[in-house]
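# What the coordinates show
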Amino acid sequence: MTLHENEIPVDERLIRALLAAQRPEWAGLPLSAAGAGTDNTMYRLGEDLLVRLPRTVDGGRSVRKEQEWLPRLAPLLPCEIPDPVHRGTPAAGFPAVWSVHRWIDGDEAGPKTVRDWTAFGNALAGIVDRLHRVDLMGATREGGLDWYRGGPLGACDRWVGRCLDDCRELVGGELDVGTLERLWRDAVALPESVGPQVWLHGDLKPTNLLVRDGALHAVIDFGALSIGLPDAEHATVWDLPPDARSAYWNALDLDEPTWTRARAWAIAVGASGISYYRHTIPAFVAECRARLDAILTDAAAR
């Protein structure tokens, strides 16, 4: 399914051609689709490898980030993360950089895979805390690590407002968009965060959290890896059940302004997802709807 303008078409024949040219020892291994996100398409290669291809040439920027920084971050984190073993270069039929990673066994976090949501929230908080304490190793936002969610909320006010307007038109009869807009405005009105810049994963939603034996085992998809203010990192906890969210908050001892900004980032991502993908990825739109519903329920109870 095409999601973006100038999307690069990918199929098994293309991937085998790329492998034959760059890693011929892998070209004959079994190949099967392993999922597709909003920015990348994945194929399992043999038993131990994963081919990861950006949907657009611009998406190659995220691939390069992973290739450069994941090997440096991996020894410093308390969980498994992707291990790039091949840096694919542009070729005929595929004008973008691409990667081959080690395959990581595990299931997406969800009610059928997580045994204890409180323990899960604590484990996720531990990973986030460790990541945010990792030395920047000379990296800066200006060096290609400037994902928008690591900056100030106010810089996004105009486009978030447009996305909320779209939501009002599309799902206003089912979602209290007025309250979501008020929560967004409350956060924008706060003084800007003055904490130090840190490493950010940028997209810790359940589909990027792998579970093994009922517990959090690995974090994948570092395409949004960046350096910035930590507020937005906490936004995806509204994709988790209340027990996990509460455990996460308590484990990190987050203050109210940080929580308010994190909630605003969750609104921004949810509203923009509904606006941009409403005609292309119904499952992702449903995830965004569920996130916004959880925010409204949570806000009503506080």
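Throughout what follows, the structure given in this document is the object of discussion. This is a predicted model, so every value here is computed, not measured.

Here we take up the sheet that holds strand β5 (residues 98-102). Pairing within the open sheet is antiparallel, and its 5 strands lie in the order β1-β2-β3-β5-β4. Each of the sheet's edge strands pairs with one partner strand only, and the pair in question is β1 (31-36) and β4 (84-88). Going from strand to strand, the sheet's axes swing by 25° on average, the running direction of each strand aside. Pairing analysis gives 6 bridges linking strand β2 (residues 40-45) to strand β3 (residues 49-54), with the strands arranged antiparallel. What sits directly across from Met42, in β3, is Arg52. Sitting on the sheet, helix α2 (residues 60-73) touches β2, β3, β4 and β5, and the angle it makes with β4 is about 145°.

Here the focus is α2. Its 14 residues place the ends of α2 20 Å apart at the C-alpha level, agreeing with the 20 Å of an ideal helix rising 1.5 Å per residue. The largest bend in α2 is about 30°, located at Gln67, with the proline Pro71 one to four residues further on. Within α2, burial applies to Gly60, Val63, Lys65, Glu66, Gln67, Trp69, Leu70 and Leu73. Against β2, β3, β4, β5 and β7 (198-200) lie the buried residues of α2.

Turning our eyes to something else, we now look at a negative patch on the surface. On the surface, Asp48, Glu80, Asp83, Asp105, Asp107, Glu108 and Glu287 cluster together into a negatively charged patch. For Glu287, the location among the structural elements is in helix α8 (residues 282-301). A relative accessible area of 36% places Glu287 in the partly exposed class.

Definitions and cut-offs
- Residues numbered from 1 in each chain as written.
- Predicted model: local features only at pLDDT ≥ 70, side-chain atom pairs only at ≥ 80, totals over all residues.
- Heavy atoms only, no water.
- Pairing = 2+ DSSP bridges.
- Helix = DSSP H or I, 4+ residues; strand = E, 2+ residues; numbered from the N terminus.
- Axes fitted to C-alpha atoms, helices over the stretch in contact; angles between N-to-C directions.
- Contact = heavy atoms within 4.5 Å.
- Expected span 1.5 Å × (residues − 1).
- Bend = angle between axes of the 7 residues up to and from the residue.
- Buried < 20%, exposed > 50% of the residue type's maximum accessible area, 1.4 Å probe, protein only.
- Patch = residues over 30% accessible without salt bridge, like charges linked within 9 Å, V, L, I, M, F, W, Y side chains within 5 Å.
- Areas by Shrake-Rupley, 256 points an atom, 1.4 Å probe, with all protein chains shown as cover.
- Salt bridge = Lys/Arg side-chain N within 4 Å of Asp/Glu carboxyl O.
- Lys, Arg positive; Asp, Glu negative; His and termini not counted.
- Charge placed at Lys NZ, Arg CZ, Asp CG, Glu CD.

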